[in-house]
Amino acid sequence: MFKLSSDGEAFVQSELKRYETKESAIIPSLYRVQKENGGWVSPDCIQYLSTLMDIPASRINEVFQFYTMFNKEPVGKFHVQVCCNVACCMAGSREMIDKLCEDYGVEEGEVTSDKRFTFTRVECLGACDKAPMMQVNETYHEGLTMDSAKKILRELK
Ligand code: FES
């Protein structure tokens, strides 16, 4: 059964006090849970948060299901999100993610056998003028080429 660290629980309690309504604390709390649960939010995480926050699980689940930044399945140590919206797509991002998946021997959304990578196609990451781009965990990489993307992934520890 999932449980936040004591720091994590203190964070959620402080978020609950910070806003006018408890529901406003759901997004930051889900982020914290995702971080402490290895990059994804499992059903027992939702139950746990529901008890901790005293908010119905169905309400937390609505927020969780709506936002794509919360992962519904386990991901690798490095979650590689490749923007495939218009500007990045025109700069070759679809071919880029296809090639990366091929090189690492996975379909989109799968975890590599060494548990290091998951590749996901996402909508605009907000740096269209620096297309194509990808996000690896919390770091953004812009103005990519196929070679620079591969190099960035090779050098991840
Ligand atoms: S289209 Fe890729 S960052 Fe906007």
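The structure presented is a predicted model; accordingly, all values stated were derived computationally and were not measured. (Residues numbered from 1 in each chain as written. Predicted model: local features only at pLDDT ≥ 70, side-chain atom pairs only at ≥ 80, totals over all residues.)

Honestly, the environment of Ser148 in this entry has me stumped. Any pointers?
Along the polypeptide, Ser148 turns up in helix H7 (residues 146-154). With 100 residues separating them along the chain, Ser148 and Tyr48 place their C-alpha atoms 41 Å apart. (Helix = DSSP H or I, 4+ residues; strand = E, 2+ residues; numbered from the N terminus.)

Could you clarify how one ought to interpret the nonpolar core in this entry?
In summary, soluble globular proteins display a tendency toward joint burial of nonpolar side chains. Ranked by size, the top nonpolar core spans 16 residues in total, and within it Val82, Leu100, Phe119, Met133 and Met134 carry the most contacts. If you list the elements that add at least two residues to this core, you get strand E1 (78-83), helix H6 (93-104) and strand E2 (117-122). Top contributing element to this core by residue count: H6, with four residues. Not counting the four nearest positions on each side in its chain, Leu100 is found in contact with Val80, Phe119 and Ala149. By size, the runner-up hydrophobic cluster in this structure holds 13 residues, among which are Ile26, Val33, Cys45 and Phe64. (Core = buried A, V, L, I, M, F, W, Y, C linked by C-beta atoms within 7 Å. Buried ≥ 20, exposed ≤ 12 C-beta atoms within 10 Å, placed from the backbone. Contact = placed C-beta atoms within 7 Å.)

Sorry, what's going on with the sheet that holds strand E4 (residues 139-141) here?
What links the strands of a sheet is backbone hydrogen bonding, and the strands pair in either a parallel or an antiparallel sense. One open sheet accounts for four strands, arranged E2-E1-E3-E4; its pairing is mixed. Of all strands in the sheet, those with a lone pairing partner are E2 and E4, marking the two edges. Strand-to-strand twist in this sheet, taken as the mean axis angle between neighbours without regard to direction, amounts to 20°. Of the strand pairs in this sheet, E1 and strand E3 (residues 134-136) are connected by three bridges, and their pairing is antiparallel. Residue pairing across strands places Val80 opposite Val136, the latter belonging to E3. (Pairing = 2+ DSSP bridges. Axes fitted to C-alpha atoms, helices over the stretch in contact; angles between N-to-C directions.)

I would appreciate a short explanation of the pairing of E1 in the present structure.
Successive side chains on a regular strand alternate, one facing one side of the sheet and the next facing the other. Where E1 meets E2, six bridges bridge the pair, whose relative direction is parallel. Bridge pairing in E2 places Val82 opposite Arg121.

In this structure, what is going on with the domain arrangement of the protein? I would like to understand it.
How big an interface is tends to be reported as the loss of accessible area on association of its parts. Domain annotation for the protein reports domain 1 (6-66) and domain 2 (78-154). Look at where the C-alpha atoms of domain 1 and domain 2 centre, and you get two points 28 Å apart. (Domains from an automatic or database assignment.)

Would you mind going over the environment of Tyr67 with me for this structure?
Residue position: Tyr67 is located in the loop between helix H4 (57-66) and E1. In this structure, the C-alpha to C-alpha distance between Tyr67 and Ala91, residues 24 residues apart in sequence, is 26 Å.

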